[in-house]
Amino acid sequence: MNTILEAIQKSAIRIKHAIDVKDIGYSQEQNSSGETQLQLDIQSDLIIEEELSKIASVHTIASEEKEHPMTLNEEGRYFIAFDPLDGSSLVDVNLSVGSIFGIYDGGFSGKRMVAACYVVYGPRVELVFAQDGKASLYLLQNGEFEYVKEIRLNAKGKIMAPGGTQQHWAPYHKAMIDSFFARGYRLRYSGGMVPDLHQILLKGGGLFSYPGAADKPEGKLRMLFEVFPFAFVFETAGGKAVDGKGRVLEKIHAHVHDTSPCFFGSSEEVEEVMSVYAREQ
Ligand code: AFP
């Protein structure tokens, strides 16, 4: 697993360089979710593919930017799903973006996830790696990722990151979000999943939500590349991750690019989501 972490760290340094120097042009291509790809999306994807291809223990990789998974080593053990540059549309307004990795043992499923990682490209480059019950924070300094600390969530936080288009939210979802704000929660939402979740993790807790809604009944965020990895990180850090009905990591995806409604946060806030949704669904 260390070689995988090292490959992710090397990819992150190369992607950070690409962000710093690359023009932000759009390609003519679209990804599997029908989103126009930035040159940076494609370049970040190629960088990660190149670095993971060097590792014999990696069986198959799946990228949000590619339609189908790619088998690298039939004798490999790990299946890695990644979003090479999540929130890339925020680069041209100079907001933080990130890379997300889910590491699965023997196949792509929530139950087979054994580690998860994300990188935040912001004023500083930080990386969180979750494995064996510990979510470890690293900071890039002088070309090296240095260990900083273990991340633990409080039982209850102060931050609310409400995703999705409010006009399409279910009334009970809107009432729940309004209730949190009426209790003094702070609105922190940039439209970048990685920095928005990183902030909740580092500031002790709260709730990030991207619910199913009238325009997107199954939400927007992709199970393998985004939802499962962050669910693993939040549960490792002492939080919870649900889809409104149960743990997201117990869900079964039918297609590599399937999405899921998702709620990540401190245990008290997520338990409140479950009780509200249990009454309504
Ligand atoms: P882009 O990659 O198209 O910028 O979308 C980012 C994202 O997938 C995720 O990072 C955010 O949490 C989510 O979309 C924000 O979606 P809304 O703009 O619908 O809130």
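Look up: the structure comes first, before these words.
Residues numbered from 1 in each chain as written. Predicted model: local features only at pLDDT ≥ 70, side-chain atom pairs only at ≥ 80, totals over all residues. Heavy atoms only, no water.

### Notes on empty space enclosed by the protein
And then number 1: Per the stated rule, a full pass over the model turns up one cavity of 30 Å³ or more.
And then number 2: Size it by volume and the largest cavity reaches roughly 50 Å³.
And then number 3: Surrounding the largest cavity, Asp45, Glu49, Ile61, Ala62, Ser63, Lys66, His68, Met70 and Phe82 form its lining.
And then number 4: Of all the elements in the fold, those that place two or more residues in the lining of the largest cavity are helix 2 (39–52) and strand 3 (58–63).
And then number 5: In terms of residue count, the dominant contributor to the lining of the largest cavity is strand 3 (three residues).
And then number 6: When its residues are assigned to classes, the lining of the largest cavity shows four nonpolar, two polar and three charged. (1 Å grid on protein atoms, 1.4 Å probe; cavity = no way out; pocket = protein on both sides within 12 Å on 5 of 7 lines; lining within 4 Å. Points joined across faces, edges and corners; volume = space filled by probe spheres on them. Helix = DSSP H or I, 4+ residues; strand = E, 2+ residues; numbered from the N terminus. Nonpolar A, V, L, I, M, F, W, Y, C, P; charged D, E, K, R; others polar.)

### Side note on the nonpolar core
And then number 1: Among the nonpolar cores identified, the biggest contains 43 residues, and Phe208, Phe230 and Phe264 are the most heavily contacted of them.
And then number 2: With ten residues, helix 5 (residues 223–236) is the single largest residue contributor to this core.
And then number 3: When residues are assigned to domains, this core turns out to be shared by domain 1 (2–150) and domain 2 (159–280), each giving three or more.
And then number 4: Those residues in contact with Phe230, other than ones at most four positions away along the chain, are Ile100, Tyr118, Met193, Val194, Leu197 and Phe264.
And then number 5: Counting 34 residues, the second-largest nonpolar core is a separate cluster that includes Ala7, Ala18, Ile80 and Val119. (Core = buried A, V, L, I, M, F, W, Y, C linked by side-chain atoms within 4.5 Å. Buried < 20%, exposed > 50% of the residue type's maximum accessible area, 1.4 Å probe, protein only. Domains from an automatic or database assignment. Contact = heavy atoms within 4.5 Å.)

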